[in-house]
Amino acid sequence: MPKKLLSLILALTLALSLAVPAFAVTPEDAQEDAMLLYNLGLFKGTGTTADGSPQFDLDRAPTRAEAVTILVRLLGAEEAATQKAIATPFTDVPAWVKPYVGYAYSKGYTNGVDTKHFGPNNTVSAAQFLTFLLRALGYKDGTDFTWDSPWTLTDRLGISNGAYNAKTKTFLRADAAALSASTLYAKKKGSDKTLLKDLLDNGAISGSTVVIWDYDAVAFQEDYASFLFYPVSGSPATFTSFKLDKVTVNGLSCQTLQVTTPEAVAAYLASIGHKAGGFGYVEITYDEEAAAKAATEYYTAANGKKYPLIAFTFTYTATEASGKQQKGTFTDYYYFDA
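Residues numbered from 1 in each chain as written. Predicted model: local features only at pLDDT ≥ 70, side-chain atom pairs only at ≥ 80, totals over all residues. Heavy atoms only, no water.

Visitor: What should I look at first to understand the pattern of salt bridges in this one?
Guide: Between side chains of opposite charge, a pair can form as their charged atoms come close. Here the structure, examined in full by the defined rule, presents 14 salt bridges. The shortest N-O distance in the salt bridge between Lys44 and Glu78 comes to 3.4 Å. Of this pair, Lys44 sits in the loop between helix H1 (27-39) and strand E4 (47-48) while Glu78 sits in helix H3 (residues 78-83); the two residues are 34 residues apart in sequence, bridging distant segments of the chain. Take Glu78: its relative accessible area is 17%, and that puts it in the buried class. For Arg73, the salt bridge goes to Glu78, with nearest N and O atoms at 3.0 Å. What emerges from the salt-bridge pattern is a single network uniting Lys188, Lys193, Lys197, Asp198 and Asp201. (Salt bridge = Lys/Arg side-chain N within 4 Å of Asp/Glu carboxyl O. Helix = DSSP H or I, 4+ residues; strand = E, 2+ residues; numbered from the N terminus. Buried < 20%, exposed > 50% of the residue type's maximum accessible area, 1.4 Å probe, protein only.)

Visitor: What am I meant to see in unusual backbone geometry here?
Guide: With the exception of glycine, the majority of residues adopt a negative phi angle, and the majority of peptide bonds are in the trans configuration. Of note, Asp57 is a non-glycine position whose phi angle comes to about 50°, a positive value. In this structure, Asp57 sits in the loop between strand E5 (54-55) and helix H2 (64-74). If you check the backbone angles, Asn161 has positive phi at about 50° while not being a glycine. Within the secondary structure, Asn161 is located in the loop between helix H6 (151-156) and helix H7 (173-183).

Visitor: Would you mind going over the pairing of strand E6 (residues 213-221) with me for this structure?
Guide: One ladder, built from 8 bridges, connects E6 with strand E7 (residues 224-231); its direction is antiparallel. Paired with Asp216 across the bridge in E7 is Leu228. Hairpin connection from E6 to E7: 2 residues lie between these consecutive antiparallel strands, with Asp223 at a positive phi of about 65°. (Pairing = 2+ DSSP bridges.)

Visitor: Before we go on, may I ask you to explain H1 in this structure?
Guide: Residue pairs three or four apart in sequence face the same way in an α-helix, which turns once every 3.6 residues. The end-to-end C-alpha separation of H1 is 18 Å, in line with the 18 Å expected for 13 residues at 1.5 Å each. Listed as buried for H1 are Ala30, Asp33, Ala34, Met35, Leu36 and Leu37. In the stretch just after H1, Gly41 is the one whose phi turns positive, near 80°. (Expected span 1.5 Å × (residues − 1).)

Visitor: I tried to follow the packing of H1 against H7 on my own but got confused; where do I start?
Guide: Packed helices, taken two at a time, are described by their axes: the angle between them and the distance between them. Contact geometry for H1 and H7: axes closest at 8 Å, N-to-C directions at 50°. In terms of their interaxial angle, H1 and H7 are classed as oblique. Taken as a pair, H1 and H7 cross one another with a handedness that is left-handed. Across from Pro27, Ala30, Asp33, Ala34 and Leu37 in H1, the residues of H7 making contact are Ala174, Ala177, Ala178, Ser180 and Ala181. Of the residues assigned to the contact of H1 with H7, the class counts are 8 nonpolar, 1 polar and 1 charged. (Axes fitted to C-alpha atoms, helices over the stretch in contact; angles between N-to-C directions. Parallel < 35°, antiparallel > 145°, perpendicular 65-115°, else oblique. Left-handed = near helix turned anticlockwise from the far one by under 90°. Contact = heavy atoms within 4.5 Å. Nonpolar A, V, L, I, M, F, W, Y, C, P; charged D, E, K, R; others polar.)

Visitor: When you look at the pairing of strand E8 (residues 239-249) in this model, what are you seeing that I'm missing?
Guide: On a regular strand, one side chain projects to one face of the sheet and the next to the other, so that they alternate. As paired elements, E8 and strand E14 (residues 310-320) share 9 bridges and run antiparallel to each other. Its bridge partner lying in E14, Phe239 is registered against Glu320.

Visitor: Can you help me understand a negative patch on the surface in this one?
Guide: There is a patch of like negative charges on the surface, built from Glu28, Asp29, Glu32, Asp59 and Glu297. Structurally, Glu32 is set in helix H1. (Patch = residues over 30% accessible without salt bridge, like charges linked within 9 Å, V, L, I, M, F, W, Y side chains within 5 Å. Areas by Shrake-Rupley, 256 points an atom, 1.4 Å probe, with all protein chains shown as cover. Lys, Arg positive; Asp, Glu negative; His and termini not counted. Charge placed at Lys NZ, Arg CZ, Asp CG, Glu CD.)

Visitor: I keep staring at the environment of Lys193 and nothing clicks. Help me out?
Guide: Along the polypeptide, Lys193 turns up in the loop between H7 and helix H8 (195-201). Lys193 sits in the partly exposed class, given a relative accessible area of 28%. Residues contacting Lys193, with those up to four places away along its chain left out, are Ala186, Lys187, Lys188, Asp198 and Asp201.

Visitor: Looking at this model, I keep getting lost on the side chain of Ser180. Mind explaining?
Guide: Along the chain, the position of Ser180 falls in helix H7. Excluding its chain neighbours within four sequence positions, the residues that come into contact with Ser180 are Leu37, Ile70, Leu74 and Phe129.

Visitor: Can you walk me through the packing of helix H5 (residues 126-136) against H7 in this structure?
Guide: Viewed as axis vectors pointing N to C, H5 and H7 meet at an angle of 20°, and their least axial separation amounts to 11 Å. Regarding the angle of H5 to H7, the classification is roughly parallel. As H5 runs across H7, the sense of the crossing is right-handed. Residues Phe129, Leu130 and Leu133 of H5 touch H7, and the partners they reach there are Ala176, Leu179, Ser180 and Thr183. Of the residues in the contact of H5 with H7, the class split is 5 nonpolar, 2 polar and no charged.

Set out below in structure tokens:
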């Protein structure tokens, strides 16, 4: 049966993977997560490349000062943090990060390494960063989780999915970006509202400029797959048309049957016994054996077995109700656990 490795969230005109890692992410894996957060205004680069693109330094370990800054921005609270300085008992916090540390400390998201020191230049561990995220979602260490094994709860919430444990030694800005992106889908304590929905409701992400959507595989059979494209909860997405201009499977061509408007999608799915709705639907017929042979990437399971990854690459044109068009390309990976 197929196993999906990555779920997807799309923002603005970019198609960007939201990793739900079954293993620690690499800087290459996390680049799209960082770009997603960057385009939502929830993450900033450390500089720019020669072509003006943001540079994220995903291959190095973040400091505690950087980790708290990443957290405050993820919560859409940078403006609130920088409007008013909040005092802390720490004597070692540089001026640039004082607003972020002050805000996070006042909210109970972070503490110091002792009563007078924050340790801003110390590298942050996986346990510390996951603890920051859980506190920000309203969970309390000592009650809902323990600070030395926060992954027990973040795994259950779908944030970390088994990627971290007590043996984790390396934690990079790549990990921070991927976990931050995953946290957008996590529910706040005692609520059905995700962090993403909360950001939309609070205006931290402007609904007038952001369109967020997702998709699921509806069916997988031998040489066949179908996908439904739909708005995520709380999204202002109102597409009148969603057309796939090109679909390939591990670079190979395939045949498609498409339904490209919300009304047609609802009618077609109802005709085949599905109640779900969306703004785009596609059925893909392809040569599964040939696609497996054409694989260039592989997934190694915990038991050591190696599976070829089946990459579905979609190039799309989406038309919003306003008439504005979005164009992009994204890839989703599956492996077949026979």
